[in-house]
Amino acid sequence: MFTQFFWIQKSYNLRKEQFDNKVKIALKSTVNQLIEYNRANVDTIKMCKSFCHLSKKNIFKAINPIILDSVIHNEFKYYKIEDTFEYGIFCAKRDSMIMGDYKKFESEILISPHKTSLTCLWQKDCYYLSAYFPDAEMQLFKEMGIWFIGSIIFIIISITSFSITILSLLRQKKISEMKNDFINNMTHEFKTPISTISLTSEILMNNAIADKPDKVLRYANIIYEENNRLKSQVDKVLQTATLEKGNYQLTKTSFDIHPVIRDLVKNCPAQFKNCNAEFSFDFMANYSLVYADIVHFENIISNLIDNGIKYSTNIPKISIKTYNNDNKLIIEVMDNGIGISKENQNNIFKQFFRVPTGDVHDVKGFGIGLYYVKKIVDLHNAKIEVESSLEKGSIFKIIFEQ
Ligand code: ADP
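(A) Broad picture of unusual backbone geometry. Positive phi outside glycine occurs at Asp326, with the angle close to 50 degrees. The topology assignment puts Asp326 in the loop between strand E8 (317–325) and strand E9 (328–335). The exposure class of Asp326 is exposed, given its relative accessible area of 64%.

(B) Seen up close, the sheet that holds strand E3 (residues 115–117). If you walk across this open sheet you meet the four strands as E2-E1-E4-E3, and the pairing is antiparallel. Every other strand in the sheet has two partners, leaving strand E2 (96–101) and E3 as the edge strands with one partner each. Sheet twist, expressed as the mean angle between neighbouring strand axes with direction ignored, is 25 degrees. In this structure, strand E1 (residues 86–91) lies alongside strand E4 (residues 127–132), joined through six bridges in antiparallel fashion. Among the inter-strand pairings, Glu86 is bridged to a residue of E4, identified as Tyr132. Against the sheet, helix H3 (residues 65–78) makes contact with E1, E2 and E4, and its axis sits at roughly 130 degrees relative to E1, the strand it touches most.

(C) Local environment of a nonpolar patch on the surface. Judged by side-chain polarity, Phe162, Ile166, Leu167, Leu169 and Leu170 come together as a nonpolar surface patch covering roughly 530 Å² of accessible area. Secondary-structure assignment places Leu170 in helix H6 (residues 145–205). On the basis of relative accessible area, Leu170 is assigned to the exposed category, the value being 52%.

(D) Quick peek at the packing of aromatic side chains. For the structure shown, the criterion picks out 17 aromatic pairs. Consider the rings of Phe90 and Tyr128, whose centres lie 5.9 Å apart with planes at 20 degrees: the pair is stacked. Here Phe90, found in strand E1, pairs with Tyr128, found in strand E4; they are 38 residues apart in sequence, far enough to count as distant. Side by side, Phe90 and Tyr128 carry an identical accessibility label, which is buried. Between Phe105 and Tyr132, the ring centres sit 5.2 Å apart and the planes meet at 50 degrees, which makes this aromatic pair tilted. With Phe105 in the loop between E2 and helix H4 (106–111) and Tyr132 in strand E4, this pair connects stretches of sequence that are 27 residues apart. Residue Tyr132 is classed as partly exposed on the basis of its relative accessible area of 22%. Taken together through their ring pairs, the aromatic side chains of Phe19, Phe76, Phe85, Tyr87 and Phe133 make up a single cluster.

(E) Local environment of the sheet that holds E8. The mixed open sheet is built from five strands, whose spatial order is E6-E8-E9-E11-E10. Two strands in the sheet have a free side with no partner beyond their single neighbour: strand E6 (278–283) and strand E10 (383–389). Taking each pair of neighbouring strands and ignoring which way they run, the sheet shows an average axis angle of 15 degrees. The sheet contact formed by E9 and strand E11 (residues 393–401) spans eight bridges and is antiparallel.

(F) Just the pattern of salt bridges, in detail. Scanning the model with the defined rule gives seven salt bridges in all. Among the ionic pairs, Lys231 bridges to Asp235, the shortest N-O distance being 3.4 Å. Pair noted here: Lys231 and Asp235 are both in helix H7 (residues 213–245), with a separation of four residues, about one helical turn. Through salt bridges with shared partners, a single ionic network connects Glu332, Glu387 and Lys397.

Scoring rules and cut-offs
Residues numbered from 1 in each chain as written. Predicted model: local features only at pLDDT ≥ 70, side-chain atom pairs only at ≥ 80, totals over all residues. Heavy atoms only, no water. Helix = DSSP H or I, 4+ residues; strand = E, 2+ residues; numbered from the N terminus. Buried < 20%, exposed > 50% of the residue type's maximum accessible area, 1.4 Å probe, protein only. Pairing = 2+ DSSP bridges. Axes fitted to C-alpha atoms, helices over the stretch in contact; angles between N-to-C directions. Contact = heavy atoms within 4.5 Å. Patch = residues over 30% accessible without salt bridge, like charges linked within 9 Å, V, L, I, M, F, W, Y side chains within 5 Å. Areas by Shrake-Rupley, 256 points an atom, 1.4 Å probe, with all protein chains shown as cover. Salt bridge = Lys/Arg side-chain N within 4 Å of Asp/Glu carboxyl O. Phe/Tyr/Trp six-rings, centres within 6.5 Å; stacked < 30°, edge-to-face > 60°.

Encoded structure:
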C-alpha cells in the first residue's frame, strides 16, 4: 500500500509538473505571437518603436485584447491544454487587472503560478499575463484515472489476499489443534480396552482359575465386551477415513425403516449396553420406505442414539419418532441430555469438532460421529437438522425426500 501511494503521488507530481510546463510554454508562445503580430502591424510598431520598454503607458496600444483572446485560445489548444480557464493581464505593482477574460476568478488569476512577464511588450516587470485553471486538479486525476483505479484494485486485491491468508492460517491452526485432540482421544479410547483385555487374559492364563468355570466365563465376557467396544471405535474411525478418501460405495435398496430401527435398538450394539437407557418409539409415518444404503442408515441412527446416551446426565431417555410431511419422511431422535448451545449447533457437524464442555462423566469421543452422519445424509440427498436447548435435550431430524 505504501509503495502504491508513493507511486500515485509521484505520478501525480510528474503530471502536474508536465502541465505547469505546458502552460508556461503556451503563455510564452502567446506573448511571442503578440510580438509577431505587432511586428507585422505597422501602426503598432510605430507606436511601440521598440518591443521592449515601450514609452507609451497605455498597454492597450501594445496588446489588442481581441487578438490576445484569439491567440491565447489557439496556443492552449495547440498544446492540448484544457479549455476551461480564465486569463488576464495584471499590473504587478498595483495588483490590479488590466484586461482579459476573467469573471469569477480574478483574485486566483492574480496569485496563479501560471504567469509570464510582458517585459518584451511593455515596461520591465510591470505587467504579467496570467491564467487560472479551476478544474486543473480534477483534470489531472482524470488523466491518471486508469492508474488510479488500477492501484485501488491492486490495494484491494492485496488486502483481500492478505486477509484470506491470515484466515486460512488461523483455520489450519484450529484444524491442527482439533486433530491433536482427536489423536489424544483416540489413543485414550483404544488404550483402555486394550489394557483391560491384556489384564483379563493374563488372569485367564493363570492355572489357578482353570477349575473355576464361572470366573472363566466372567473374564471371557469382559474380553468379549471390550473387544466389541474396540471394534466399534475402530469402525468409527474407518468409516470416516473411507469417507475422506472418497472411495465409498453406497449399495442402495428400498427398505422399511421401522423394523430396521426397532432391530437396531433390540440387538443393542455394544455402546448402548449397560446404559440403562429408556427407549420409546412413536412410528407415525404411513409411508416408511426409503431408498438408501441400509448399513450406513443403521450407522447414522446408532450414532445419534449413541450421542443421546453419551451426553446425558440422568437416565437417558431416547425417543425415536417418524412421520410423513409434504412427501417427506422425517425421523426424529430425541434425548433428554445436556443439550447443545446455539453457537455450537453450527459446528457439531464439522470434522473433529467437540463441544468444549461436552465431556460429561469423562465421556470421550472423536468428534467424527456427526461429521460422518452429515456426510452420509448428504450422499442420500437428505437433510439433517438439530433443535436443542441447554439442559433440556436435543432433537436430531433426518429428512428424506420421497
Ligand atoms: P463425539 O465423538 O465427540 O461424540 P460427534 O461428532 O458425534 O463426536 O459429536 C460432536 C459433538 O457434538 C460432541 O462432542 C458433543 O459435544 C456434541 N453432541 C453431539 N450429540 C449430542 C447430543 N445428543 N447432546 C448433546 N451434545 C451432543
